[in-house]
Amino acid sequence: MTPETVIEIGQYAMRTTVFVAGPMLVAGMIVGLAISIFQAATQINEMTMTFVPKILTVFLVLLLTLPWTINQMVTFTESMFNRIANM
């Protein structure tokens, strides 16, 4: 296995990780930012007010993107197994 192949596999793995985790992280960040702005405007500093909506948002996005996420992971796994078989 050449160093270029290792780098290519690593890049593919990192890209797949970002694609799979990205929607949930972005949704949690947007909700967290909106709640922080609301808290700054109203001067309410309740920890559960930030925690619960972010968890619910991440869970909802996970449920909505689950078929696509599974497809991405299966494609990555099949690609890796095909690479192993071709060595």
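Just above, that's the structure.
Residues numbered from 1 in each chain as written. Predicted model: local features only at pLDDT ≥ 70, side-chain atom pairs only at ≥ 80, totals over all residues. Heavy atoms only, no water.

1. Observations regarding helix α2 (residues 47–86)
Along α2, the sharpest change in direction is near 60° and occurs at Thr 65; proline Pro 67 comes one to four residues later. Among the residues of α2, Thr 50, Val 61, Thr 65, Thr 69, Phe 76 and Met 80 are the ones counted as buried. (Bend = angle between axes of the 7 residues up to and from the residue. Helix = DSSP H or I, 4+ residues; strand = E, 2+ residues; numbered from the N terminus. Buried < 20%, exposed > 50% of the residue type's maximum accessible area, 1.4 Å probe, protein only.)

2. A short note on a nonpolar patch on the surface
Taken together, the side chains of Phe 51, Val 52, Ile 55 and Leu 56 present a nonpolar region at the surface, about 400 Å² in accessible area. Note that Val 52 resides in helix α2. A relative accessible area of 43% means that Val 52 is categorised as partly exposed. (Patch = residues over 30% accessible without salt bridge, like charges linked within 9 Å, V, L, I, M, F, W, Y side chains within 5 Å. Areas by Shrake-Rupley, 256 points an atom, 1.4 Å probe, with all protein chains shown as cover. Salt bridge = Lys/Arg side-chain N within 4 Å of Asp/Glu carboxyl O.)

In short, shape yes, function no, at least from these values alone.
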